[in-house]
Each structure stands twice: as structure tokens, then as C-alpha cells.
Amino acid sequence: MAIWRIALKEILSSVRNRQTFLFMLALPIILMLILGAGLSNAFSSKHSVGEVRLLYQATFSENDMSAYWDSFTKAIGKEGVEVVPIRPGMDWRQEVSSGRYTAYATIDKEGIAFFGSSKNTVESGILQGMLVAFADRYALGTAAFQASPGVGTNILKHAAESKDFIQETTLAAVRKPGSIDYYAVSMTTMIALFSIISANYLFGAERARKTAIRLMAAPISKGEILVGKMIGNVFINTLCVLVVVLFSKFVYHAYWGNHFWLVLLALLTEVLLAVSLGLGIGFLLTKQEGSYMVVMIFLQCASFFGGAYFPIENTEGILTLLTNLSPLRWINTALLELIYMDNIAAVWKVIGLNLGIAAVFLVLTVISIRRREAF
Amino acid sequence: MSHVLEIRNLTKKFGDFIAVDNMTLNIGEGEIFGFLGANGAGKSTTINMIASLLRPTKGEIVLLGKNIVKDSKFAKMNTGIVPQELAIYEDMTAYENVSFFAGLYGLRGAMLRERTEEALAFVGLGDKHQSFPKNFSGGMKRRLNIACAIAHLPKLIIMDEPTVGIDPQSRNYILQSVRKLNEMGCTIIYTSHYMEEVEEICTRIAIVDHGKIIAEGTKEQLTSIITDTKEIWIGFRADGAISIESLQGIAGVTAVRQEENTLKIVSKSEVNNLNRIIQQLIKDQVEIRSVEEQAPNLESVFLTLTGRNLRD
């Protein structure tokens, strides 16, 4: 019974601590919004094609070529591409570099020379593809014309009528996280790991307030105090994590996949890991200031290398080691694999790892408490 | 008188340092027992062992006939501790504080509510039960500190400096509360740096020094120890430093201490050395304002026995 009384007291104190709530709730929700909105392009697999304008200079020696070009410009004009011949006095470099035109092309008997804009690479690529298709069909037509004039004329005539100068082939891509989806996961796991701070101060606060004396003088065991405080701390931190998950899901419409309960279970084990780590560090390093410093350094490194602020990929050497040591790395990778690839096994591995490490630190805490006369 | 607490050959070591050295002591039922000792004398260590906060290295403590190490739960159920420093939660109301700690002693439901309200009313905080301690004065916090220790109606209450840093009105309230608790049948162990408090409320006093009890008894019994001693109080104008060493060198003088503008000199009563003391002060160019000879009191007993001030 004393266990529940201590747990309830812990929850009550946490609920009344506005700073804790601001930190545990407002911080991830605001960061999710800021980073999600600010870095949306970095995650997007979609691109809206803007205005496509081709500036060109054509010198045709053959009527067929001229006719074919006209047909081609009409055809791509219907697709929204504006094709404009260069006027005397125009500097094509300036026109393209300033973004007024997407690309510049010269068409003559030597072939087609293409100069695309480095600013609008997608639009420039589209134009390039169209011109390549045009050149291929023209080359095929002229080659056929030499062998059989009738066939060649027919090819050139119908080639211009074709609209599919760009044949798009898309693989059925798996769903990928957008920026809000990514930061919903990374901020939630980061805030779950931040449980380490309150856990680290669980007994330090009792010592600082001198209430540890009353707890020790009461007819309850050290084990009951430890379990009661842990239950309260895990509950309140899990509640914060749950609120952040639900907020991201229903307000930001972040995607959490088809295994929602498994996601929550993984997050709960991460909170357990963080609370055990916090307690362990708090007891292994007796000075509260030193313990707090270690926790904060660990958190910052774990957050950074774990990809909380931006995804860290293709690492080498020491950076790979550091990223792999971050609990956030394990949990983020596993959760993303679960959410987007339905890889359940990856999450169970991380759950096992979290619980294993939590158990080790809990054992260390219990040994430390048993060896001490007071907290 | 039956003994509520029996301390037998109690020793506590921290490494090589002996904090409590083979202490033996009995405290009877209904006593207000004063524990006097300078800082580091072993008083707090003894109190912490009685409250089961520290384990004895040797010896035993028996509370109400049971060894407190073997019957730890029983001992804790029957003991209440009022720590020297405030041990309350600032983010919980007065009621929640008392109720939480009383709940740890097994109180539940209506009984818990009743005892919590009684404890708060006892310390005069009945009308403040929904207030948070952060809005309390120092005296009110001290009273709440006491309420948290008494709601479970312990047989033995340990009060470690319960009046530190509070106004005289709150101090009087607390001292009255101590007396009332005692009248209700509680045995109290009381420590204070204020000698007059100990003199006023304690029925028996022990003086602790270097981990040992060097004297024990009623106030009268203790002052009778030093019948061969007198105390001379000399008021002076404070301009410069007084040379304590030169006074200590005078024949018969056993201890000298300065408290603001008063020199308190303990001397052997059979030696007539007042003239020499005054001559020395004149020689040191001290402007004397008054000279009084005091009957021995608890403070002079403490000073004579330990050679130290209680506040040292």
C-alpha cells in the first residue's frame, strides 16, 4: 500500500510542476512543428513542376526538320511548355541563370545542344528528356528516309503527333516518412529518453528537501520507496509520451503505422530504460551536480547522434560507433522500420535491449541502495 | 518509572572515527529528555540511530522492550522524528503533507483523515490545511514539520532543534506544543542550541561530548555538579578585540567566552581573582561597564564540563 501512496505522491508532484509539463509536452510538440515545417523539403519525395520555358535557336537546312520541330513545339506546348526563339540582343546565359527560362537549346544540322538551369533541375530534366526523345525520333526518321523515303516520312509525321516525349516509369515505392512523420517519431523517442532527468533527481530531490529522513524513518522498506517512486515516475513520463504521440497523430496527422500498440509498448520500454539509467547514474555518482552533468551530456549526445534533430545516415568510422551507441538510434530505426516496413522483429529486438539494459541499471541501483545506510 | 528507551553500550564508527563511544542511557516514560552537545559531539548520530536512520556499529537500542534493529518496523511505528531541517513537500498542501507521511505508518481512510486533521489542529494549522507551505512563515513551516511527525501518535518523539530560526511567538507555541504532547503521554527527546529552552522544558538532560555522555540528570542535579564554580559576567564597551588568552592565564579561571559586549568567565569559586581579572582588562584598555557574579546555570555547567560553548 505504501508503494501506491508513494507513486501517487510522485504523480501529484509531477502534475503540479508546470516546468516539467512545459518541458515534456510543449518542447516536443513545438520542435515537431518547427523542424517538421522547416525541413519538409529534405524529406519530400514529391516535386511540383513549375513553369517550363525553353529558349531556343534553330537553324534548319531541311524542310522536314523544320516541320518536325514545329510539330514538336506545338505538341509540348499543349503540355504546358512555352517554347520561345531567341531574339537578337538576348543573352541566353543571363536568361537561364536568372530563371526566366528553364533551358536554352540550339538545333542545327550538327545536332541539339542543351543548356539547362541548375536552379530548376527537375524542370530542366523534363525539357532535356523531351529534346532527347525528339532527337532520337528525328534520327530514326532520317535514317529510315535514306533507306525508304516513304517509311521515313511516315515516321517523322507520326512522331510529331506523339505526346509521350517523356515516358515516366515509376516503381511502386514503399511509403516513406515525411518531415512531420519523422519528427513525430524522433521527438517522441527523444522526450521518452528525457525521462532520465526526472529519474536522476528522484532521490536527489528527497535528499535536498530533507524528506528522505522522513521516508527512511517510516516503517517501510527501501525497496518499497524505490518501487513506488519508479512507478510514479514511469507513469507520468509515459503519460507525457502518450500525449505527444496522440497530439502528433491527431493534430499534425503524423503517420504511426498499423502496429500502434506495439509502438506504444516500445516507447514504454524506452521510458523504463531512461528511468533505470537515471536512477542508476544518480546512485553511482553520489554528487547530484556531477550526476546531473553526466545525464545532460549523455542526453545531448544521444539526441544528436540518435537523429533527433535530423536524420544521420551514411556515417563512417567513429561517427558510426557514436550513432550506434545512442539508444535513440536503436529505437528510431526500429520504429521507422515497424511503421513503414511492418518489420515487427526489429521492434521486439529493441524492446528486449531496452528491458535488458534497464534491468542491469536497476540491479546496480538496488545494490547501491542496499550498501548505503541512508539514500 | 518504566523505560521507554534503553541505550546499552552504543557505539557508532565511521571508518576510524568514533562518533558515539560506548554510550549507555535510559529514558523513562513521560520524560522530556534534553540532549545537549556542541556540533560534532555525537548527539545527531545518536538520534539518527534511535530513529533507525543509522545502524549501530555495536551495542543495542531497546524501544518499549524491543530491539530496534531486530524489530525495526515496531520501532519505527512508535517513533516520530522532527528533523532539524524542514522536511516537507512545498508542492503539497499542509493536509497532503501530513496525510502522506501518516499514510506511510499504515493509517487509512477515516482514521487517516481524523488524525491528519487533529495533528494540524494541534500545531495551530487547522485553518491552513489547504494552503501550500511555500506561503507559510518560518514558524508555520516548523509547526507543519512537527505535525508530520505526530499524526501517527508515536510513543517516542525525537525533536532535533525544532525552534531554529523562528520568531519568539512561534517558539513559544512550539514549546507549549511540546509540553502538551508530553501531557498526552508522549516521551520526548529534545535537542536545542538554546540552553534556556532546554532548561525550561526538559525534565532530564544529558550532556554529550566526544560521543560520550559526560553528565546526566535533572537541571538541579547538573548545576550541583559545579558548586565549586562561579561565573563572572563583565559588560564592556566594544571597541577592539579582547585578549581571551590573557584572562585564561589568571589563576582559578577555567573558561572564558565572549558574547557580544559581555565576557562570561567561569572560575573556581574558592579563588578570589576578580581584582586580577579587572586589572587585566584595564591593562588591555577595556572600558568596563558592569560586573556581575552569577549562580551556576546549565550553560556554565556545559562550559565547565566540555570547555566549549553549546554553539561552537
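Worth saying up front: this structure is predicted, and the values here are computed from it rather than measured.

Some thoughts on the overall build of chain A
1) Next: Secondary structure summary: chain A contains 17 helices and four strands in total.
2) Next: When each of the 375 residues of chain A is scored for burial, the buried share is 46%.
3) Next: Of the contacts made within chain A by residues no fewer than 6 positions apart, 76% connect residues no fewer than 24 positions apart.
4) Next: Counting only carbon and sulfur atoms, one obtains 62% of the accessible surface of chain A, whose full area is about 19,000 Å².

Comments concerning the overall build of chain B
1) Next: Counting its secondary structure elements, chain B contains 11 helices and 14 strands.
2) Next: When its C-alpha atoms are laid out on the principal axes, chain B stretches across 75 × 45 × 35 Å.
3) Next: Looking at chain B as a whole, 54% of its 312 residues are labelled buried.
4) Next: A separation of at least 24 residues holds for 69% of the contacts in chain B among residues at least 6 apart in sequence.
5) Next: Accessible area of chain B: about 13,600 Å², with a carbon and sulfur share of 46%.
6) Next: Charge-centre separation for chain B: the mean point of 35 positive side chains lies 5 Å from the mean point of 39 negative side chains.

Description of the domain arrangement of chain B
1) Next: In terms of domains, chain B is made up of domain 1 (3-218) and domain 2 (228-295).
2) Next: The distance between the C-alpha centroids of domain 1 of chain B and domain 2 of chain B comes to 38 Å.

Here we look at the interface of chain A and chain B
1) Next: Between chain A and chain B, the residue contacts involve 23 residues of the former and 33 residues of the latter.
2) Next: Each partner contributes to the roughly 2,500 Å² buried at the junction of chain A and chain B, and carbon and sulfur atoms together form 59% of this total.
3) Next: Of all residues in chain A, Arg214, Pro219 and Glu373 of chain A bury the most surface against chain B, accounting for 31% of the area lost on that side.
4) Next: The shortest N-O distance in the salt bridge between Glu85 of chain B and Lys210 of chain A comes to 3.8 Å.
5) Next: Counting across the interface, chain A meets chain B through eight residue pairs in polar contact (both at pLDDT 80 or more).
6) Next: Looking at the side of chain A that touches chain B, the elements with two or more residues in it are α1 (2-16), α10 (202-209) and α11 (211-217) of chain A.
7) Next: Across the side of chain A that touches chain B, the residue classes break down as 11 nonpolar, two polar and 10 charged.

Observations regarding the sheet that holds strand β13 (residues 262-268) of chain B
Residues and elements named next belong to chain B.
1) Next: Spatially, four strands are ordered β12-β13-β11-β14 in an open sheet, and the strand pairing comes out antiparallel. Two strands in the sheet have a free side with no partner beyond their single neighbour: β12 (253-259) and β14 (288-294). Direction aside, the axes of adjacent strands within the sheet are offset by 15° on average.
2) Next: Inspection of the sheet shows strand β11 (residues 229-236) paired to β14 by six bridges, in the antiparallel sense. In the strand pairing of β14, Phe236 is matched with Ile288.
3) Next: Helix-sheet contacts for helix α10 (residues 274-283) involve β11, β12, β13 and β14, and the interaxial angle to β14 is about 155°.
4) Next: Sheet contacts for helix α11 (residues 298-306): β11, β12 and β13; angle to β12, the most-contacted strand, approximately 120°.

Brief notes about the packing of aromatic side chains
Residue and element names in this part refer to chain B.
1) Next: With the rule as written, the count across this model stands at 17 aromatic pairs over all chains.
2) Next: Taking 5.6 Å as the distance between ring centres and 10° as the angle between the ring planes, the aromatic pair formed by Tyr89 and Phe101 counts as stacked. Separated by 12 residues along the polypeptide, Tyr89 in the loop between β6 (79-82) and α3 (94-103) and Phe101 in helix α3 bring together distant segments of the chain. The residues Tyr89 and Phe101 share a single accessibility class, namely buried.
3) Next: It is Lys134 that lies over the ring of Phe132; its NZ or CZ is 5.4 Å from the centre.

Topic: the nonpolar core
1) Next: Core analysis: the largest hydrophobic core is formed by 153 residues, its most contacted members being Trp256 of chain A together with Leu5, Leu104, Leu144, Met159, Ile188 and Tyr190 of chain B.
2) Next: The element contributing the most residues to this core is helix α13 (residues 260-284) of chain A, with 14 residues.
3) Next: If we skip the residues at most four places from it in the chain, Met159 of chain B touches Val82, Ile146, Val178, Leu181, Ile188, Ile189, Tyr190 and Thr191 of chain B.
4) Next: If you look at the next biggest cluster of nonpolar residues, it comprises 18 residues, including Trp69, Ile76, Ala105 and Leu127 of chain A.

Brief notes about the sheet that holds strand β4 (residues 58-63) of chain B
Residue and element names in this part refer to chain B.
1) Next: Taking strand neighbours across the sheet as the criterion, the four strands line up as β2-β1-β4-β5 in an open arrangement whose pairing is antiparallel. Since the sheet does not close on itself, it has two edges, and those belong to β2 (17-28) and β5 (66-67), each with one partner.
2) Next: Of the pairings in the sheet, the one linking strand β1 (residues 3-14) to β2 comprises eight bridges and is antiparallel in character. Bridge pairing in β2 links His3 to Gly28.
3) Next: The sheet contacts of helix α1 (residues 43-50) involve β1, β2 and β4, and relative to β1 the element is tilted by about 120°.

What counts and what doesn't
Residues numbered from 1 in each chain as written. Chains lettered and ligands numbered in written order. Predicted model: local features only at pLDDT ≥ 70, side-chain atom pairs only at ≥ 80, totals over all residues. Heavy atoms only, no water. Helix = DSSP H or I, 4+ residues; strand = E, 2+ residues; numbered from the N terminus. Buried < 20%, exposed > 50% of the residue type's maximum accessible area, 1.4 Å probe, protein only. Contact = heavy atoms within 4.5 Å. Areas by Shrake-Rupley, 256 points an atom, 1.4 Å probe, with all protein chains shown as cover. Lys, Arg positive; Asp, Glu negative; His and termini not counted. Charge placed at Lys NZ, Arg CZ, Asp CG, Glu CD. Domains from an automatic or database assignment. Buried area = accessible area lost by both parts, 1.4 Å probe. Salt bridge = Lys/Arg side-chain N within 4 Å of Asp/Glu carboxyl O. Polar contact = N/O pair within 3.5 Å; in protein donor to acceptor, adjacent residues only side chain to side chain. Nonpolar A, V, L, I, M, F, W, Y, C, P; charged D, E, K, R; others polar. Pairing = 2+ DSSP bridges. Axes fitted to C-alpha atoms, helices over the stretch in contact; angles between N-to-C directions. Phe/Tyr/Trp six-rings, centres within 6.5 Å; stacked < 30°, edge-to-face > 60°. Lys NZ or Arg CZ within 6 Å of the ring centre and 35° of its normal. Core = buried A, V, L, I, M, F, W, Y, C linked by side-chain atoms within 4.5 Å.

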